[in-house]
Amino acid sequence: MNIEEAKKIVFEKKPVFGKLYNSYKNKYWVEYINEHHPKSNEKSLDPLLEKVFHRIAEKMFGKEMAEEALSSLKQTHFVDTADHHGLLCHPFFWNFDALKSGLEITSKPKTQIVLTVGNVSLNNTSFPRSLFFHDQNLVLQKIHLLSLKNKRRPLYGSPALTKEQVIRIQDSLWLEKIPKTAKKRLVSLLNEFLQSRHFNQEKLCDQLTLLNHLWWKALWGETYGNLLYLEVEELVKELLIHSLLEKKSYAHKILLDTDTREKYISSFEKVLGAHDTEAQKGSVLFWYVDEYERKALFLKNDKLETADGICVPFETEEITKLLKDYRLVPTMALCYSLLSFGYELILGGGFSQIQYVETMKSAWLKVFPMDKEKVSTIRTDIFSGEIGLLHIQKNKETKLATLADLFIWKETPEERVSLIEKVAKETTIGESLDAMMYEFLEIVTGEYQKIEGIKKPRVTLLI
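Residues numbered from 1 in each chain as written. Predicted model: local features only at pLDDT ≥ 70, side-chain atom pairs only at ≥ 80, totals over all residues. Heavy atoms only, no water.

A.B. asks: What should I look at first to understand the pairing of strand 3 (residues 130–134) in this one?
C.D. replies: Moving residue by residue along a regular strand, the side chains alternate between the two faces of the sheet. Across the 5 residues of strand 3, 5 count as buried, placing the element largely inside the fold. Of the two faces of strand 3, the one lined by S130, F132 and H134 and the one lined by L131 and F133 are each fully buried. In terms of strand pairing, strand 3 meets strand 4 (residues 140–144) through 5 bridges, oriented antiparallel. Of the residues in strand 4, the one forming a bridge with F132 is K142. (Buried < 20%, exposed > 50% of the residue type's maximum accessible area, 1.4 Å probe, protein only. Helix = DSSP H or I, 4+ residues; strand = E, 2+ residues; numbered from the N terminus. Pairing = 2+ DSSP bridges.)

This is the structure we're talking about:
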């Protein structure tokens, strides 16, 4: 299959993405971002969202960074939601995060806010449990933060790493085929993580939020500002808990008002990220998580119930308790619809998200038709996702670079920043999306296919 045939298949499934590609394929990302990514927003941020966001950020990073992050959120009302939680490493995610931080974007916020999906399994193809990189022979190596003992459980709500686990990770670094100086840098980063006052968290995802902040600083120094890598489910969980008792809130109406709940469940039927009752796919409003696995919930006798009989009644105290205990995980549809159409945040997403969040908007307006004027102006098509910006090369062979590749094979923050600036100036939008076409095609067809005719990268990380 050649590249044009592959694009035709992908764009038929994802027409919003196809429109973006065809409109900007010969331009550079700085043009797209300056044209489409919000620079300022005159509306006030919802008071509850402001309070909850600030409290979570302050808990993790202290008052100063929380204030700066909140200021960035107030400035644009924009967050990225394309990434999976985990150590930021996968080419799916890091390329765009670094690109946005490095470009000369108009009125760029000081803190880049990424609301990540924590409701992914440990063996997801984005490798959320691993640090991974290419060795001196371009063989992919993985350093696992966690075993696959509980692989059917999501990352969200998983217990924190112990000091002993982190030390074992450090020890395993010495077995890999990378320069000794790079190993020392990685060990130093993990030591800083261990010594942080925030290491003793109860949940793994909180630790990863902190570790990504340290990782970001180690990579770029102070050049690229701060990165707040926070689970979207954690933010939505806290918003739900704080608003369930408020009868005028969306949370109360969707979960506790019978008529509204029935409309919501019916309207979101077969919406990607929600539920398909007939096919028994997805989950209604929440997923249920026990010690071993994530379980789907479907409506039965006016309650939510798993296939093995666990019941969740629509009662404030029970829902609140299960949310606090990390037994309930808000579905992607509940997270994105509440944040986007309830709290009026602008979500930047990947090649699929810019398609299905618009579908969520249509479903939302069936439930809350009175929101039409407000919701109709909210953008759902802003791309902020998967690009193949930087490749690693040895001799004539190239592969998409992980973020760890850049850390390992470039000695200093200055060298890394210089390389990102160079590749951003010399790689078009079309070229960086073509580099991901293998992945896009596999996602929409369910099978990997070889694609011919993709241009070789102009700028690479040479080893």
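Next, the rest of the story.
A.B. asks: It is not clear to me how unusual backbone geometry should be interpreted in this structure. Could you clarify?
C.D. replies: Glycine aside, a negative phi is what most residues show, and trans is what most peptide bonds show. With a phi angle near 70 degrees, L285 is a residue other than glycine that sits in the positive phi range. Among the secondary structure elements, L285 is positioned in the loop between strand 7 (281–282) and strand 8 (286–289). A residue is classified by how much of its surface remains accessible, and L285, at 4% relative accessible area, is buried. The phi angle at E344 is positive, at roughly 60 degrees, despite the residue not being glycine. Examined against the element boundaries, E344 turns out to sit in the loop between helix 14 (332–342) and strand 14 (346–348). Owing to a relative accessible area of 23%, E344 belongs among the partly exposed residues under this scheme.

A.B. asks: Even after reading the chapter, I still don't get the sheet that holds strand 17 (residues 460–462), so can you show me in this structure?
C.D. replies: The strands making up a sheet are joined through hydrogen bonds of the backbone, oriented either antiparallel or parallel. Spatially, the 3 strands line up as an open sheet ordered 16-15-17, and their pairing is mixed. A single partner strand is all that each edge strand has here, and the edge strands are strand 16 (397–400) and strand 17. Strand-to-strand, the axes of this sheet are offset by a mean angle of 30 degrees, without reference to chain direction. As paired strands, strand 15 (residues 391–394) and strand 17 are joined by 3 bridges and run parallel to one another. Residue I392 lies in a different strand from strand 17, and its bridge partner there is L461. (Axes fitted to C-alpha atoms, helices over the stretch in contact; angles between N-to-C directions.)

A.B. asks: Looking at this model, I keep getting lost on the state of the cysteines. Mind explaining?
C.D. replies: A covalent bond between the sulfur atoms of two cysteines is referred to as a disulfide. Under the definition given, this model contains 0 disulfides. Unpaired in this structure, C89 has its nearest cysteine sulfur neighbour in C205, at a distance of 16 Å. For C89, a relative accessible area of 0% puts it in the buried group. Here C205 is not cross-linked by a disulfide; its sulfur's nearest cysteine counterpart is in C335, at 13 Å. (Disulfide = S-S within 2.5 Å.)

A.B. asks: Looking at this model, I keep getting lost on the pattern of salt bridges. Mind explaining?
C.D. replies: Side chains carrying opposite charge are able to pair once their charged atoms draw close together. Inspection of every chain in the model, using the stated rule, returns 23 salt bridges. Note that K7 is salt-bridged to E4, the shortest N-O span being 3.0 Å. Here K7 pairs with E4, and both are found in helix 1 (residues 3–13), just 3 residues apart, close to one helical turn. For K7, a relative accessible area of 8% gives the class buried. Where E344 meets K43, a salt bridge forms, and the shortest distance between an N and an O atom there is 3.0 Å. Of the two residues, E344 is situated in the loop between helix 14 and strand 14 and K43 in the loop between helix 3 (29–36) and helix 4 (47–61); the sequence distance between them amounts to 301 residues. One connected set of salt bridges, linked through shared partners, spans R55, E234, K237 and E238. (Salt bridge = Lys/Arg side-chain N within 4 Å of Asp/Glu carboxyl O.)

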